[in-house]
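Residue-level listing of the chains:
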Amino acid sequence: MASCGAVKNKRVVVVGGGIAGGIIAKTLQFQNEVTLIEPKEYFEIPWAQLRSMVEPSFAERTLIKHSEFLTNVTIIESHATNVSSHAVQTANGHTFPYDYLVVATGHPGPGQVTRNDRLKHFQQDYEKIKSSNSILIIGGGPTGVELAGEIAVDFPEKKVTIVHKGSRLLEFIGPKASTKTFSWLIKKKVEVILGQTVDPESISEGGVYVTSGGEKITADCHFVCLGRPVASSWLHDSILKGSLDKKGQLMVDEKLRVKGHNNIFAIGDITDVPEIKQGFLAQKHVSVVAKNLKLLIDGAAEKKFATYKASSDIALVSLGRKEGVAQLPFGTFFGCLPGMIKSKDLFVGKTRKTLGLKAE
């Protein structure tokens, strides 16, 4: 029984149930009254999606119902549509008051809202790849490159073509890593067309696509692997509209509070922190905000708050099941060593343990 004068748990609303939102909801669930607003019923390990396209059973470990690890959280399966100074509104017509708000909506997620539908989607992608002799991948960023690697290793008989508008692959990291990745793909007989785009709607009879440079590519199917905008459109008419930058990201201070709002934090890809947006960095955001929320609730002095410093350009790109390329502050590494670090299990077991679940 609570003693007289005890402070009632504060209401914390988390919007977005991806890596950042899901993990912070788990971290806070026994300290506060936590509500998670997320349209999907499941948490997905996003960097494992491409493996699941060539091995659908892999998704059994990477798609986790929120209810499995958020045992003390109120889960609202709906889209957030607006936020005021004291509450979040949702698409199903409800309003959820908060004392503290954490925005973690990242990028727009997959269209499937149930775990079973998402599993079926991966099975459909697998059947699409398996039944095709030639595959076009539009986009040569990390998603396009990793998908090409997965297909080239698991289905070496397939003809894979990447069309990328940039002058080199993986432009978000240094040219050395990009060049080594290009060479690896060529050795795997992947055709890479740079400096051009292709409209997936341009397909003509016989599966012929035409690039912006006039080249014709014949393919039985295609996958679009282009960058997506952040999921902040729901904030355009909210109290946070003035806190959005030109990219639609929320501007935060070094404590990861949304600028101008003492009780609102943002974490993950939706922030304007100048770093490569990656899952392990989103988890670092969680650590900072979880600590700062506790200090804020306890009335601690501002000088005690944790601060976040943008990460240097660290990146790890998997190339099939055994190889990869790693860009670290002290050098670029290629081959089996980066593959051992990431490519075998894609950090799935580690992430599941973070959620308090068994690795397998």
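From a predicted model like this one, the values you see are computed outputs, not experimental measurements. (Residues numbered from 1 in each chain as written. Predicted model: local features only at pLDDT ≥ 70, side-chain atom pairs only at ≥ 80, totals over all residues. Heavy atoms only, no water.)

## Description of the side chain of Thr90
Relative to the elements of secondary structure, Thr90 occurs in strand E7 (residues 87-90). By relative accessible area, which is 5% here, Thr90 ends up buried. A distance of 2.4 Å separates the side chain of Thr90 from the side chain of Asn92, its partner in a polar contact. Sequence-distant contacts of Thr90, defined by excluding residues within four places in its chain, comprise Ile37, Ser78, His79, Ala80, Thr81 and Phe96. (Helix = DSSP H or I, 4+ residues; strand = E, 2+ residues; numbered from the N terminus. Buried < 20%, exposed > 50% of the residue type's maximum accessible area, 1.4 Å probe, protein only. Polar contact = N/O pair within 3.5 Å; in protein donor to acceptor, adjacent residues only side chain to side chain. Contact = heavy atoms within 4.5 Å.)

## What about helix H5 (residues 115-130)?
Structural remark: α-helix, 3.6 residues per turn; residues separated by three or four positions point the same way. Taking 1.5 Å as the rise per residue, H5 with 16 residues should run 22 Å; its terminal C-alpha atoms sit 23 Å apart, in good agreement. Buried within H5 are the following residues: Arg115, Arg118, Leu119, Phe122, Asp125, Tyr126 and Ile129. Buried residues of H5, viewed axially, fall in a sector of 115°; they line one side. Exposed side of H5, more than 90 degrees from the buried face: Asn116, Lys120 and Gln124 are the residues found there. (Expected span 1.5 Å × (residues − 1). Arc of directions from axis to C-beta.)

## Quick look at the confidence of the model for the protein chain
The share of residues in the protein chain with pLDDT of 70 or more is 98%, and the mean pLDDT across the chain is 95. Confidence drops under a pLDDT of 50 for residues 1-6, and excluding neighbours within four residues, the segment shows 0 contacts in the predicted structure. (pLDDT = per-residue confidence, 0-100.)

## Topic: the pattern of salt bridges
In the structure shown here, the tally under the stated rule is 17 salt bridges. With its nearest N and O atoms 2.9 Å apart, the salt bridge here joins Glu55 to Arg321. Note that Glu55 is positioned in the loop between helix H2 (49-54) and helix H3 (59-62) and Arg321 in the loop between strand E17 (315-319) and strand E18 (323-328), a separation of 266 residues in sequence. Two residues, Lys159 and Glu191, come together in a salt bridge whose shortest N-O distance is 3.4 Å. Residue Lys159 is located in strand E11 (residues 159-164), and its partner Glu191 is located in strand E12 (residues 191-194); the two are separated by 32 residues in the primary sequence. Judged by relative accessible area, which is 36%, Lys159 ranks as partly exposed. (Salt bridge = Lys/Arg side-chain N within 4 Å of Asp/Glu carboxyl O.)

## Focus on the packing of aromatic side chains
Going through the model one piece at a time under the given rule, you end up with 3 aromatic pairs. Here the aromatic rings of Phe43 and Phe69 are separated by 5.5 Å at their centres, their planes lie at 80°, and the arrangement is edge-to-face. Placement of Phe43 in strand E3 (residues 42-44) and of Phe69 in helix H4 (residues 66-69) is noted, with a sequence separation of 26 residues between them. Its end group placed over the ring of Phe223, Lys128 keeps NZ or CZ at 4.3 Å from the ring centre. (Phe/Tyr/Trp six-rings, centres within 6.5 Å; stacked < 30°, edge-to-face > 60°. Lys NZ or Arg CZ within 6 Å of the ring centre and 35° of its normal.)

## A few points about the environment of Ser167
As for its position among the elements, Ser167 is in the loop between E11 and helix H7 (175-187). Exposure remark for Ser167: the relative accessible area of 64% places this residue in the exposed category. A sequence separation of 28 residues divides Ser167 from Gly195, and the C-alpha atoms of the two residues are 5.2 Å apart.

## What to know about the packing of helix H6 (residues 142-154) against H7
When two helices pack together, you describe them by how their axes are tilted relative to each other and by the distance separating the axes. Where H6 meets H7, the closest approach of the two axes is 10 Å, and the angle between their N-to-C directions is 30°. When the axis of H6 is compared with that of H7, the two are roughly parallel. With respect to the hand of their crossing, H6 and H7 are arranged in left-handed fashion. Along the contact surface, H6 presents Val145, Ala148, Gly149 and Val153, while H7 presents Thr181, Trp184 and Leu185. (Axes fitted to C-alpha atoms, helices over the stretch in contact; angles between N-to-C directions. Parallel < 35°, antiparallel > 145°, perpendicular 65-115°, else oblique. Left-handed = near helix turned anticlockwise from the far one by under 90°.)

## As for the pairing of strand E19 (residues 331-335)
The pairing of E18 with E19 spans 5 bridges and is classified as antiparallel. For Val325, the partnering residue across the bridge sits in E19 and is Phe334. Where E18 folds back onto E19 in an antiparallel hairpin, the turn is made up of 2 residues. (Pairing = 2+ DSSP bridges.)

## A short note on the sheet that holds E18
Reading across the sheet, the 3 strands line up as E17-E18-E19 and stay open at both edges, with antiparallel pairing between neighbours. The sheet is open, and its two edges are formed by E17 and E19, each paired on a single side. Each strand of the sheet is rotated relative to its neighbour by a mean of 5°, with strand direction disregarded. With 5 bridges joining them, E17 and E18 adopt antiparallel strand pairing. Paired with Leu316 across the bridge in E18 is Ala326. Sitting on the sheet, helix H9 (residues 336-343) is in contact with E17, E18 and E19, with an inclination near 95° to E18.

## Structural notes on the sheet that holds strand E10 (residues 134-138)
Taken in spatial order, the 4 strands of this open sheet run E12-E11-E10-E15, and their pairing is parallel. The strands lining the two open edges of the sheet, one partner per strand, are E12 and strand E15 (221-224). Taking the axes of each pair of neighbouring strands and ignoring which way they run, one obtains an average angle of 20° across the sheet. Inspection of the sheet shows E10 paired to E11 by 5 bridges, in the parallel sense. Note on E11: the bridge partner recorded for Ile138 is Val163. Relative to the sheet, H5 contacts E10 and E15, its axis offset from that of E15 by approximately 135°.

## A closer look at the UniProt feature "domain: FAD/NAD(P)-binding" (unreviewed entry) in the protein chain
UniProt marks residues 11-275 with the feature "domain: FAD/NAD(P)-binding" (unreviewed entry), using the numbering shown here. Helix makes up 25% of residues 11-275 and strand 24%, with an end-to-end C-alpha separation of 30 Å. (UniProt positions renumbered as here; feature names shortened; annotations may be inferred.)

## Examining a nonpolar patch on the surface
A grouping of Phe330, Phe333, Leu337, Met340 and Ile341 is seen on the molecular surface, where their side chains present a nonpolar patch of about 580 Å² in accessible area. The element contributing the most residues to the nonpolar patch is H9, with 3 residues. Mapped onto the elements of the fold, Phe330 is located in the loop between E18 and E19. The exposed category is assigned to Phe330, whose relative accessible area is 65%. (Patch = residues over 30% accessible without salt bridge, like charges linked within 9 Å, V, L, I, M, F, W, Y side chains within 5 Å. Areas by Shrake-Rupley, 256 points an atom, 1.4 Å probe, with all protein chains shown as cover.)

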